[in-house]
Amino acid sequence: MCLLKVEDVYKSYGDFMVLRGISFQLEKGEIKVIIGPSGTGKSTLLRCLNGLTSPDKGKIWIDGVEVTDPKTNINKIRSNIGFVFQSFNLFAHLTALDNVCIGLVKVKGMKKSEARLLAMEELRRVGLEDKAGAYPAELSGGQQQRVSIARALAMNPKLILFDEPTSALDPELIGEVLNVMIDLAKGGMTMLVVSHEIGFCRAVADEILFLDEGKIIEKGHPSVLLTNPSYKRTKEFLHKIIELYGEERD
Amino acid sequence: MTGFFDFALTYLPVLFEGTIVTLEIWAWCMLGGTILGLFLGLGRVYGNKSIYALSTGYIELFRGTPMLAQILFVYFGLPEINILLSPIVAASIALGMNTAAYQAEYFRGAIRSIEAGQVEAARALGMTQTQVISNIVLPQALRRVIPQWSNEAILLLKYSSIAFVIGVPELMARAQMIGYSTFRFFDAFLLAAFIYLMITSILAQCLHMLDKRVSVLPRAG
Amino acid sequence: MIYLTLLKELPYLLEGVLVALELLLAFMSLGFIIGMVLSVTEVYGNRWSSTLAFMIERFFRGVPAIVLIFLFYYGLSDIYNISPFAAATLALGFRTGAYQSQIFKGAIQAVGPGQMMAARAIGMGKIQAIWSIILPQALRFGIGPWSNEFASELKDTSLAYTIGVVELLRRAKYIVSYTYGNALIVYGFCAILYLILVRLGNTVLYRIEKKLQIPGFETRKEGGLG
């Protein structure tokens, strides 16, 4: 059974239809990357998946539970899905450690002492155990994003959603975050990533979905889609991306 | 000038007693006013339509009418519906309700200034609305509101002088009494003025230090 | 019964409103001038004059309004038989002058040092620069906070009650005394009158603010050319 199933999702903001009939699936352990021009609803799609936004039409299932059903306990679902934001969104008044702990204590009801141990583990995993006592404002963008990944990981999620995780970072900081993400991928985490980091796609993506004007224009394995896309629009977009952001990243 | 100095020495104790009463009123109305103000502010940000309407109505009423009118209404008007209050209680209630209206707006501003992204992240973790408010929004909002809250506190200390109109024996009232008995009104009020200057300065200093200690947290990038 | 009395006394009460408005106009104008002088002195004056201005401003902001009203009334009564209205005007005028000087000071500083430098660079004297370049811009920055101050002072006209100025609240008190009660309704009615006044005042000031705005100006909040 698939972990994530999206069926025929539509969403408009006022007159503007952002998502026009999106359907796809994600199996456990799969890594899919969504690429496409800005403003085409990629962020909106991710937010529909954990209920931060509701689609106008269509259904979404996570591990068999229907997210779009108003009777579902959305907080329970959210506690099992990780979400990494483009602007990190760390809690400014808490240290890195407390940022990672707070979900465990408040949502999962864990004891503070237990939560701290677990949180330290996650911080170690992203390479930031020495910054446990630092406040977000004292950390660089790349460090903040890694803490936010640790925060998501601590909840032991079945799936992690990434909303353009490196777009707000200075170029030299992107690498440290991508490396963490690649490690996660290799470790078997199920991930749905919105990004234009082609190098990341080549390294670990099982499939790339090209989203434009609210529809999935094309999907395919990186080795196919990146070298020989079937559609003109895909070709044009990839061209632009490579122009702007350069090719691979080590 | 020695006349004034002797005068001061003689009557300082009386004025000091009045100052205690001033501080009493101030403490009570700040306590009640801050709590009520916080609820009103929360109601304006998170409340449903009726809570929003009620809070807004309350705030408009108390910000749109003079404090003097409010205190006269509470002290002279309420007995007509069988609510009899002593001058000190009436003054504290009127001033408290007044400051709550102003503080509500400061709290509202501070709450809304907390970046929406943090709220989203908290929801994404699975927190309920209540958890988001108490664990993420309020801890930061309460720190941000301190400068404006301090201004309000100082303002209220000065406006407490209005209580003398309904006979509360605070600083102003005592100065007036001294005036009546010595006919040296100007000196009495001048002394009172200096005492007010002193206590507001001390308060301002303390609050400034509080702000520095608590707002050490820089804002996140 | 009381409602009939209120209706009968409406003109009397409205006269009280007029007195309050007269008072407001009088002391706000005084305050405007004092505020301008204090703020310009504080920002551009030499060490002595700016310190003096600072101390004056501190005193009149730090002492409660009622105390100031009594100080002026009793203080000046020794020299000259001053009316309560005049004493209130002076007291509240100096007080609002101190508050307004803060507003103007902020507005002047928001204009930015670059403007003064540019004005001196083309040969203007300091006073001329302040008058033709700094103040016109500063006044527009100050409109918003000034309107708030105005609305706040409208309510503070009621404080003149304490030395016997026969404005709205004192007239209300007379009605309450001679009808032996009904404080709730009479004071409540006055409160409503004030509400209407404040609302009206805010609307008018808002319109004026909108009219005086320079396009694109308001987005620059602090620092001019720098």
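Residues numbered from 1 in each chain as written. Chains lettered and ligands numbered in written order. Predicted model: local features only at pLDDT ≥ 70, side-chain atom pairs only at ≥ 80, totals over all residues.

Engineer: Is there a simple way to explain the interface of chain B and chain A in this structure?
Structural biologist: Note on interface size: it is often stated as the accessible area lost on association of the parts. Of the residues lining the interface, 20 residues belong to chain B; the matching set on chain A comes to 24 residues. Mapped by element, the contributors of at least two residues to the side of chain B that touches chain A are α5 (116–125) and α6 (129–144) of chain B. Among the elements that take part in the side of chain B that touches chain A, α5(B) stands out by supplying 7 residues, more than any other. Per-class residue counts for the side of chain B that touches chain A are 9 nonpolar, 8 polar and 3 charged. (Contact = placed C-beta atoms within 7 Å. Helix = DSSP H or I, 4+ residues; strand = E, 2+ residues; numbered from the N terminus. Nonpolar A, V, L, I, M, F, W, Y, C, P; charged D, E, K, R; others polar.)

Engineer: Is there a simple way to think about helix α4 (residues 112–125) of chain A in this case?
Structural biologist: Spacing of three or four residues puts side chains on the same side of an α-helix, whose turn is 3.6 residues. Residue and element names in this part refer to chain A. In this model, α4 (14 residues) spans 20 Å end to end at C-alpha, consistent with the 20 Å of a helix rising 1.5 Å per residue. Along α4, the residues that are buried comprise Ala115, Ala119, Glu122 and Leu123. All buried residues of α4 project into a common sector of 100° when viewed along the axis, lining one side. Projecting away from the buried face of α4 at angles above 90 degrees are the exposed residues Ser113 and Leu117. On its buried face, α4 sits against α3 (96–106) and α5 (141–154). Residue Gly127 follows α4 closely and has a positive phi angle near 80°. (Expected span 1.5 Å × (residues − 1). Buried ≥ 20, exposed ≤ 12 C-beta atoms within 10 Å, placed from the backbone. Arc of directions from axis to C-beta.)

Engineer: Would you mind showing me how to read the sheet that holds strand β4 (residues 57–62) of chain A here?
Structural biologist: Think of a sheet as strands paired side by side through backbone hydrogen bonds, with each pair either parallel or antiparallel. Residue and element names in this part refer to chain A. Here we have 4 strands laid out as an open sheet, ordered β2-β1-β4-β5, and antiparallel in their pairing. Every interior strand has two partners, whereas the edge strands, β2 (16–26) and β5 (65–66), have only one. Relative to β5, β4 runs antiparallel, the two being bridged by 2 bridges. What sits directly across from Trp61, in β5, is Glu66. Packing against the sheet, helix α1 (residues 42–49) makes contact with β1 (4–13), β2 and β4, and its axis sits at approximately 55° to β2. (Pairing = 2+ DSSP bridges. Axes fitted to C-alpha atoms, helices over the stretch in contact; angles between N-to-C directions.)

Engineer: Would you explain the nonpolar core in this entry?
Structural biologist: Generally speaking, nonpolar side chains in soluble globular proteins are found buried as a group. Counting 195 residues, the largest nonpolar core has B:Ile71, B:Phe189, B:Ala192, C:Val67, C:Ile69 and C:Cys190 as the members making the most contacts within it. Examining the composition of this core, we find that 14 residues originate from one element, helix α4 (residues 87–112) of chain B, more than from any other. Viewed by domain, this core spans two of them, domain 1 (1–80 + 157–220) and domain 2 (91–156) of chain A, each represented by three or more residues. Within the second largest apolar cluster, 12 residues are counted, among which are C:Ala107, C:Met116, C:Ala138 and C:Trp146. (Core = buried A, V, L, I, M, F, W, Y, C linked by C-beta atoms within 7 Å. Domains from an automatic or database assignment.)

Engineer: What's the story with unusual backbone geometry in this structure? I'm lost.
Structural biologist: Trans is the prevailing form of peptide bonds, just as negative phi is the prevailing case for residues other than glycine. In this structure, A:Glu164 is a non-glycine residue whose phi angle is positive, near 45°. Tracing the chain through its elements places A:Glu164 in the loop between β7 (159–163) and α6 (171–186). Note on A:Glu164: 21 C-beta atoms within 10 Å, which makes it buried. With a phi angle near 70°, B:Asn82 is a residue other than glycine that sits in the positive phi range. Along the chain, the position of B:Asn82 falls in the loop between α3 (67–77) and α4. A tally of 6 C-beta atoms within 10 Å means that B:Asn82 is categorised as exposed.

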